[in-house]
Amino acid sequence: MQAYIVRRLLLNLVVLFLVATLVFVALRIDPDNVVQLAAQGTQITDIEEAKRAIKRTLGLDKPVFPDQYFTYLGDLLRLDLGESFRTRTPVMDEIKNRIGPSLELGILQLLVALVVAIPVGIVSAVRQDRWIDYVLRSVAIFFLGVPVFVLAVFVLLGAARYLDWSPPLTTYRDPFPVPPFDTSAPEDLWVNLQIMAIPAVVGGLGTGAVIMRFLRSQMLEVLRQDYIRTAWAKGLKERVIIMRHAFKNALIPVVTVIGLVLGTLVSGNVVLESIFIIPGIGLYAVEGVRQNDYPVVQAMVLLVASFLVFVNLAVDVVYAWLDPRIRYA
Amino acid sequence: MQPQEATMGAELAVAPPALQRPRIARAFGGLWRLVRRKPLGALGMAIVIGMLVLSLGPPKAEFGLPDLPDRPLGFEMGKPWLARYHPDDFFYNERGRLATFEGPSWKHWLGTDNRGRDIWARIVWGTRRSLFLGIWALTLGTIAGTLVGLVSAYFSGLFDLLFQRIMDAIQSFPALLILLMVLSLTEPSLRVLAIALAFVAIPSVQRIVRSVVLSVREEAYVDAARVMGASHRRIMFRHILPNVIAPVIVIFSVGLGAVILAEAAISFVSPSSVPFTASWGLMLAEGRTVMFDHPGMVLASGGFIALAVLGFNLAGDALRDILDPRLRLM
């Protein structure tokens, strides 16, 4: 097992290196455009002067290989992600400030997803092909198909129209909100939860639908096993058979799905954060794109990609730990 | 008249009508079976066909390079037949003011938007943009992904290992962020968007193709071809590639939904980095500003995005069950 983890870690390093290289290449496809866009945002009035300044700070005036490439890799190794074109603050500091709300939203969504998906998946498998199964599955298909941002907008609309309630922040009335946004997170827990409520529930249900479908098919598989029949024959209670014998075994493959789902959660949160003006890293990325702030976008891509690479490793390790039959060679 | 009747009688004797149902009836029978067995899948396919019909318009004979959204197939496509108006036509009411936020009427089926444009027309033009963007992106992505998967699995070994790590690297980017990055680097253009979407689609396509090729590679007929002296290219394209067709069709239909969703999400999140033609995502973003007083724009655009994504998902699921049930757990 240790050998496996070490090997996977090394392989992950290779993948991260490739990720960094891809991002490096992306900027060099059309550097003049980037410089042009960046120069338009600076205080310097002479555009040529501004372009030269930008080129110098980005190091674009040196040869691409080896100078630029190794400077870039060296900066990454020192966790120096450069500084924003607009605010001139180091991107790393900004990320530290903004990671909190994103984590909060992600964890809340995962909680909602699990709380909904686990009971629904079990009921739907145990009552296979009864009316309740059909109802639950149709609802799951609905949440799988309808995109989170459409659902979020509709829920906002419905809540305002019929319940006369809106989340405390009103910035989302702004059509194309212009950064910088107010990024100070509300201190009051109750206000905070009110802001998070709709995105957490909407995003959580979308994720929950995926988990529920997978859990249901796993449960159906397990319920047909011999040892379940044995358990029935022994006269065990239904609750014990389903929870202790079936559910526990069906849960193991679901762990991998949770890992996969984390990737979509991150993407979904980019959208949800920008609808609800939650000052997390997703919103930061969107601000970066809207302002052509290339270092910010690049840092976000690197950050999220490396996060996902390690989540995948963690999922594999947890999987082996839960199911001792799995032996990674 | 007499001889003619005689020949008709002879024909009947040869082929009794019960055995030779007319072709149309057979087609309807197949359709009816599909509806009964996979009602959701049939619904999805109906939505997909509906979208296709919405986006079609009279072809004009100006051939050239394909360009989105108005020249998706290399020739200029005129106003969609079902659109009624141009998406950027402004309408005025009888007092000469811009007719903003009008309710549904015979003139404007879904009413008008915040700048006095016909919502139905914008929805229909947006359908063309979404659909053809998706088709182009997936065509490129599927071809590239299939080639990568085929070559990588066929030659295996160190080459395969290296290629798969590159694919891991691409896959570890969340699609939305990579698209945003590409768009922040370039001028807004649908062509760039299509290429970026294709790039994002490559890893998942190649993974499925690769798994099929890995098993087919060991078949006896592949060995036989090799023994007969067939070249690598011949074995790959003539003997192995046909096995990949069914999964690729399934990926294509499921992927179209995902691509349409991604385009809408990007237009919604960052309207300034996409071309400003009529688009569902842009309408949703614009409509959000006024939705509490005039929900029409949000309801129409959001409804169509949801319907399209749902439709492609359902159609893709049904196609998968029919064509290749092994893919179910992917």
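Chemist: Teacher, can you tell me more about the overall build of chain A here?
Modeler: Broken down by element type, chain A carries 12 helices and zero strands. Along the longest, intermediate and shortest principal axes, the C-alpha atoms of chain A span 85 × 60 × 30 Å. Here chain A holds 329 residues, and 47% of them are scored as buried. Nonlocal contacts in chain A, meaning residues at least 24 apart in sequence, comprise 75% of its contacts between residues at least 6 apart. Summed over all atoms, the accessible surface of chain A reaches about 16700 Å², with 64% contributed by carbon and sulfur. Side-chain charges in chain A split into 30 positive and 28 negative, and the spacing between the mean points of these groups amounts to 13 Å.

Chemist: Would you mind showing me how to read the pattern of salt bridges here?
Modeler: Any two side chains of opposite charge can pair, given that their charged atoms come close. Per the stated rule, a full pass over the model turns up 20 salt bridges over all chains. Between arginine 137 of chain A and aspartate 133 of chain A there is a salt bridge; the shortest N-O distance is 3.2 Å. In this pair, arginine 137 of chain A and aspartate 133 of chain A both sit in helix 6 (residues 131–145), four residues apart, roughly one turn of the helix. Across the pair aspartate 133 of chain A and arginine 216 of chain A runs a salt bridge, and its minimum N-O distance is 3.0 Å. In this pair, aspartate 133 of chain A is assigned in helix 6 and arginine 216 of chain A in helix 8 (residues 189–223), connecting sequence segments 83 residues apart. What makes aspartate 133 of chain A buried here is its relative accessible area of 0%. Ionic contacts of the salt-bridge type, sharing partners, join the residues Arg213 of chain A together with Lys38, Asp317, Arg320 and Asp321 of chain B into one network.

Chemist: Looking at this model, I keep getting lost on the domain arrangement of chain A. Mind explaining?
Modeler: Interfaces are frequently sized by the accessible area removed from exposure as the parts join. Residues and elements named next belong to chain A. Domain boundaries in chain A define domain 1 (16–77) and domain 2 (98–322). The C-alpha-based centres of domain 1 and domain 2 are spaced at 37 Å. Of the residues lining the interface, nine residues belong to domain 1; the matching set on domain 2 comes to nine residues. The junction of domain 1 with domain 2 conceals about 800 Å² of combined surface from both sides, 83% of it contributed by carbon and sulfur atoms. Inspection of the domain 1/domain 2 interface yields zero salt bridges.

Chemist: Where do I start with the nonpolar core in this structure?
Modeler: Within soluble globular proteins, side chains that are nonpolar generally end up buried alongside one another. The biggest cluster of nonpolar side chains holds 134 residues, and the ones touching the most others in it are Phe149, Met219 and Ile275 of chain A together with Phe268 of chain B. Here this core spans two domains, and each of domain 1 (16–77) and domain 2 (98–322) of chain A adds at least three residues to it. Sequence-distant contacts of methionine 219 of chain A, defined by excluding residues within four places in its chain, comprise Ile122, Ala125, Val126, Ile242, Ala246, Phe247 and Ala250 of chain A. Of all hydrophobic cores here, the second largest spans 17 residues; its members include Val212, Val213, Val222 and Met236 of chain B.

Chemist: Is there a simple way to think about the packing of aromatic side chains in this case?
Modeler: Centre-to-centre distance and the angle between the planes together describe a pair of aromatic rings. Residues and elements named next belong to chain B. Applying the stated criterion to the full structure yields 13 aromatic pairs over all chains. When the centroid spacing of 6.3 Å and the interplanar angle of 65° are considered together, the rings of tryptophan 120 and phenylalanine 304 count as edge-to-face. Note that tryptophan 120 is positioned in helix 4 (residues 119–155) and phenylalanine 304 in helix 12 (residues 296–323), a separation of 184 residues in sequence. A relative accessible area of 14% means that tryptophan 120 is categorised as buried. An angle of 85° between the planes, with centres 5.0 Å apart, marks the rings of tyrosine 154 and phenylalanine 155 as edge-to-face. For tyrosine 154, a relative accessible area of 6% puts it in the buried group. Exposure remark for phenylalanine 155: the relative accessible area of 38% places this residue in the partly exposed category. Above the face of the tryptophan 125 ring, arginine 128 is positioned so that its terminal group lies 5.3 Å from the ring centre.

Scoring rules and cut-offs
Residues numbered from 1 in each chain as written. Chains lettered and ligands numbered in written order. Predicted model: local features only at pLDDT ≥ 70, side-chain atom pairs only at ≥ 80, totals over all residues. Heavy atoms only, no water. Helix = DSSP H or I, 4+ residues; strand = E, 2+ residues; numbered from the N terminus. Buried < 20%, exposed > 50% of the residue type's maximum accessible area, 1.4 Å probe, protein only. Contact = heavy atoms within 4.5 Å. Areas by Shrake-Rupley, 256 points an atom, 1.4 Å probe, with all protein chains shown as cover. Lys, Arg positive; Asp, Glu negative; His and termini not counted. Charge placed at Lys NZ, Arg CZ, Asp CG, Glu CD. Salt bridge = Lys/Arg side-chain N within 4 Å of Asp/Glu carboxyl O. Domains from an automatic or database assignment. Buried area = accessible area lost by both parts, 1.4 Å probe. Core = buried A, V, L, I, M, F, W, Y, C linked by side-chain atoms within 4.5 Å. Phe/Tyr/Trp six-rings, centres within 6.5 Å; stacked < 30°, edge-to-face > 60°. Lys NZ or Arg CZ within 6 Å of the ring centre and 35° of its normal.

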